[in-house]
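Geometric and topological summary
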Amino acid sequence: MQLQFDSSGSVEGFATSLQTLAARVDVAAILVLACDENGWQPEDVDPLLKTSEVPVFGGIFPQIAYQGGNHVKGTLLVGLASAPETGVIEGLSDADAEYEQALLPLAERWSETCGGQTYLVIVDGLASRISALIESLFYTFGLEHNFIGGGAGSLSFEKRPCVITPQGLKKDAALVALLPVPSSIGVTHGWEPVSEAFTVTSSERNVVKSIDWEPAAAFYTRMIHAHSGQDLSIDDFFSVAKSYPLGISRLGAEMVVRDPLMMNEKGELTCVGEVPEGCMVRLLNGNPDTLIAAATHAREQALAAYQGSTLASTDWLLIDCISRVLYLGDDMTKELQAVAQGEAVFGAFTLGEIANSGNDYLDFYNKTIVVGLLG
């Protein structure tokens, strides 16, 4: 893979880098990881995407990872030696959308592929039916190939075009790309339960309405105060909530983390990703040591699962939750070092993470680190 980083984040810088990379004979497609602070507008970027000499796809994220740092501004272009198959799924918050039907043409088109492949999935991280899409991806494609990806979008929590496709910038959409490379995946989070399990008694997709029959926001606020003495408010919600995700219990596996983004005057919690009614949740907490140890473990998982003949020609792709950056602060460099251990790592800090852990689960995660070793 050929990497080119434009620190300016400008549309002009992107255009120059795109033209330079697309002109290389060893580049057949370009993955773009851009920062939200670049301030790109569809009317400026879409003409570049539609007229590029090679297919361009990717996402606009809160931050990106490159050369051991987390960047709030800039654009990373990754030149791929082979062009992947891509598809776009629209209506990612549409209550009536049938994602399996939308994915079926892709499955039929890709049924002839063989050898090592990896599904890269980039979604609008603020869409309300991401988990439904993930479930449909599993039922449509199974786990014959690995999945890795995450949620694009802005920390302003304002929905705007953030998924980069060959047809232009999209919002409330998902891009699925079948990369012609094998991979191994590591998935961990490092958050630990600090409460007993409680039942989500009412929810609608990514909005939790009640827990144990109590308004969800009041229940959540009370649990945090009991653990730390801190109080929550609507206006200052995320500064406290970033340290207290919810964990959905899962039989025989690590809990799936859900990140509460905001609460409203109705007493509801809005999360990144769906929280099923009737599921059991626990309040989680962590510290820098547990999160950094989890990053090391994710790298070890990916290495242990790698089945290629040599590591000499592999690339490390990092999908890391932006709330881990907000929680760790200056210690974020330690998490990046734990993953890289002297090797080059690139990737995105996302609004939710997508991966299959081993061959058992395909899920949409929050506050989780995903490490992909691409062959």
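One structure accompanies this document, and this report is about it. Computed from a prediction, not measured in an experiment: that's the story for all the values here. (Residues numbered from 1 in each chain as written. Predicted model: local features only at pLDDT ≥ 70, side-chain atom pairs only at ≥ 80, totals over all residues. Heavy atoms only, no water.)

The residue Arg 250 is located in the loop between strand 18 (246–248) and strand 19 (256–263) in this model. Measuring from C-alpha to C-alpha, the distance between Arg 250 and Cys 279 comes to 9.3 Å, with 29 residues separating the pair along the chain. Other than its neighbours up to four places away in sequence, Arg 250 contacts Val 256, Tyr 361, Asp 363 and Tyr 365. (Helix = DSSP H or I, 4+ residues; strand = E, 2+ residues; numbered from the N terminus. Contact = heavy atoms within 4.5 Å.)

Here we come to the pairing of strand 2 (residues 29–35). Within strand 2, seven of the seven residues are buried, which leaves it mostly tucked inside the rest of the structure. Covered by surrounding structure in strand 2 are Ala 29, Leu 31, Leu 33 and Cys 35 together with Ile 30, Val 32 and Ala 34, the residues of both alternating faces. Note: strand 2 against strand 6 (residues 75–80), six bridges, orientation antiparallel. When the bridges of strand 6 are listed, Ala 29 appears paired with Leu 80. Examined bridge by bridge, strand 2 and strand 3 (residues 56–61) share six bridges and lie parallel to one another. Within the sheet, the bridge partner assigned to Cys 35 lies in strand 3 and is Phe 61. Chirality of the crossover, the property in question, places the unit of strand 2, helix 2 (residues 42–51) and strand 3 among those that are right-handed. (Buried < 20%, exposed > 50% of the residue type's maximum accessible area, 1.4 Å probe, protein only. Pairing = 2+ DSSP bridges. Right-handed = clockwise from strand over helix to strand, strands pointing away.)

Reading across the sheet, the six strands line up as 5-4-23-22-26-13 and stay open at both edges, with mixed pairing between neighbours. Looking along the sheet, the strands with just one partner apiece sit at the ends: strand 5 (69–71) and strand 13 (183–188). Here the average twist between neighbouring strands, direction ignored, is 20°. Against the sheet, helix 7 (residues 288–305) engages strand 13, strand 22 (315–321) and strand 26 (369–374), with an angle of about 155° to strand 13. (Axes fitted to C-alpha atoms, helices over the stretch in contact; angles between N-to-C directions.)

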